[in-house]
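Residues per chain are reported as follows:
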Amino acid sequence: MKRAERQYALVDLLRGARQPWSAARLATEFGVSARTIERDVGSLQLAGVPIYADYGAAGGYSILQDYSLPPLNLSAAESLATLAGLALLESSPYQTAARRARAKIAAVVNHEHRGSVQKMLETTYVIDAGAPTDGTVPLGILSDAIAAGRLVRLTYLGENDDGSRNTTLDTDRDVETLGLLRAADAWLLIGWCRLRGGIRGFRVDRITRLEIRDEVPPVRDPALLEDDLARWPTRRLI
């Protein structure tokens, strides 16, 4: 990676970080020495980029969150990865926002890269798990409920052991929303199910009704969810 590209990426990383990054951690991330990172930071500070250092055991480099970057200048590979990733969210709870973001990224792809990026996207295919069940709720409502930290009341489809529909097993549940999970070929709403008294995952294609309630439930111990997810090789998106 060229020095200018690394410095641009460094600024981008710090803008999205929730905690300071040490020089050693940045050096590992970019495959250079800590001294090189320190020189990069110094150059960026001289250029007016508001990077500052926090000292102490949990210290490191941070950047003012309202700092604006110049227009995106993605490489062909970065453009392809970004557009492909957003396209994969077409059948997710983020589909509406992903479509808008994809249109914005596509509009600023470097002209010299546009043809090759478009060709790769046209020759990449996805087999979706299947058409959504009739009556499923709009996917975007799920991310809205989680962002607001609200209780939801939902109706969940029942299944026989062979996976066929069993309406006698349909249940109405109050769920304290905790997050979203991508597992194999399905998206799941994860939360504290008051009917079962524990952490549960609900396939979004089996939720036929969802109502966002006014109640903001108490904060659950994060360890409850972490312990439940520890049964699988789970990772966060950031």
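Residues numbered from 1 in each chain as written. Predicted model: local features only at pLDDT ≥ 70, side-chain atom pairs only at ≥ 80, totals over all residues. Heavy atoms only, no water.

Trainee: Mind showing me how you'd approach the overall build of the chain here?
Mentor: Along the backbone of the chain there are eight helices and seven strands. The C-alpha radius of gyration of the chain comes to 22 Å, more than 25% above the 18 Å expected for a compact globule of 238 residues. The principal-axis extent of the C-alpha atoms belonging to the chain is close to 65 × 50 × 30 Å. Counting all 238 residues of the chain, 32% fall into the buried class. Across the chain, contacts joining residues at least 24 apart in sequence account for 56% of those joining residues at least 6 apart. Accessible surface for the chain amounts to roughly 15200 Å². Of this, 53% is attributable to carbon and sulfur atoms. (Helix = DSSP H or I, 4+ residues; strand = E, 2+ residues; numbered from the N terminus. Rg over C-alpha atoms; globule rule 2.2 N^0.38 Å. Buried < 20%, exposed > 50% of the residue type's maximum accessible area, 1.4 Å probe, protein only. Contact = heavy atoms within 4.5 Å. Areas by Shrake-Rupley, 256 points an atom, 1.4 Å probe, with all protein chains shown as cover.)

Trainee: I'm lost on the nonpolar core in this one. Help?
Mentor: Residues L10, L14, L26, I37, I51 and Y61 are the most contacted members of the largest nonpolar core, which totals 17 residues. Sorting the residues of this core by element identifies α1 (3-16), α2 (23-30), α3 (34-46) and β2 (60-63) as the ones contributing at least two each. Apart from the residues within four sequence positions on either side, L14 is in contact with W21, I51, Y61, I63 and Q65. In terms of nonpolar packing, the next biggest core, distinct from the first, is built from 14 residues, L142, W187, C193 and F202 among them. (Core = buried A, V, L, I, M, F, W, Y, C linked by side-chain atoms within 4.5 Å.)

Trainee: What should I look at first to understand the packing of α2 against α3 in this one?
Mentor: What describes two packed helices is the angle between their axes and the distance between those same axes. The N-to-C vectors of α2 and α3 enclose an angle of 100°; their axes lie 8 Å apart at closest approach. By the angle class used here, α2 and α3 are roughly perpendicular. Each of A23, L26, A27 and F30 in α2 lies in contact with α3, whose residues at this interface are A34, I37 and E38. Per-class residue counts for the contact of α2 with α3 are six nonpolar, no polar and one charged. (Axes fitted to C-alpha atoms, helices over the stretch in contact; angles between N-to-C directions. Parallel < 35°, antiparallel > 145°, perpendicular 65-115°, else oblique. Nonpolar A, V, L, I, M, F, W, Y, C, P; charged D, E, K, R; others polar.)

Trainee: Sorry, what's going on with the pattern of salt bridges here?
Mentor: Here the idea is simple: oppositely charged side chains can pair when their charged atoms come close. Considering all chains together, one arrives at 15 salt bridges under this definition. In this structure, E38 and R35 form a salt bridge, with 3.6 Å as the shortest nitrogen-oxygen distance. Taken together, the residues E38 and R35, both in helix α3 and three residues apart, mark about one turn of the helix. Between E176 and R220 there is a salt bridge; the shortest N-O distance is 2.9 Å. In this pair, E176 sits in strand β4 (residues 171-183) while R220 sits in the loop between β7 (207-212) and α8 (222-229), placing the two residues 44 residues apart along the sequence. Judged by its relative accessible area of 3%, E176 is buried. Accessibility expressed as a relative area gives 29% for R220, which makes it partly exposed. When salt bridges with common partners are traced through the structure, they connect D172, R209, E211 and R213 into a single cluster. (Salt bridge = Lys/Arg side-chain N within 4 Å of Asp/Glu carboxyl O.)

Trainee: Sorry if this is basic, but what is going on with the sheet that holds strand β5 (residues 186-193) here?
Mentor: Strand-to-strand pairing in sheets goes through backbone hydrogen bonds, with the strands running parallel or antiparallel. A sheet is described by the order of its strands in space; here five strands give the open sequence β6-β5-β4-β3-β7, paired in antiparallel fashion. Strand pairing shows two members of the sheet lacking a second neighbour, β6 (198-203) and β7, which therefore form its edges. Strand-to-strand twist of the sheet, defined as the mean angle between neighbouring strand axes without regard to direction, takes the value 45°. Bridge count for strand β3 (residues 151-156) against β4 is six bridges, and the pairing is antiparallel. Within the sheet, the bridge partner assigned to T155 lies in β4 and is D172. (Pairing = 2+ DSSP bridges.)

Trainee: Is there a simple way to explain the packing of aromatic side chains in this structure?
Mentor: Aromatic ring pairs are defined here through the distance separating the ring centres and the angle between the ring planes. What the rule picks out here adds up to two aromatic pairs. Plain terms: the ring middles of Y94 and W187 are 6.0 Å apart, the flat faces sit at 80° to each other, and that makes the pair edge-to-face. Linking Y94 in the loop between α4 (76-87) and α5 (95-107) with W187 in strand β5, this pair joins segments that are 93 residues apart in sequence. Judged by its relative accessible area of 11%, W187 is buried. Plain terms: the ring middles of Y156 and F202 are 5.1 Å apart, the flat faces sit at 85° to each other, and that makes the pair edge-to-face. Highlighted residues: Y156 in strand β3 and F202 in strand β6, separated in sequence by 46 residues. Residue F202 is classed as buried on the basis of its relative accessible area, which comes to 1%. (Phe/Tyr/Trp six-rings, centres within 6.5 Å; stacked < 30°, edge-to-face > 60°.)

Trainee: Teacher, can you tell me more about the pairing of β2 here?
Mentor: Strand direction decides the pairing type here: strand β1 (residues 51-54) and β2, joined by four bridges, are antiparallel. Opposite A53, over in β2, you have Y61 as the bridge partner. In textbook terms, the turn of a hairpin is the stretch between consecutive antiparallel strands, and for β1 and β2 this stretch comprises five residues, one of which, G56, has a positive phi near 115°.

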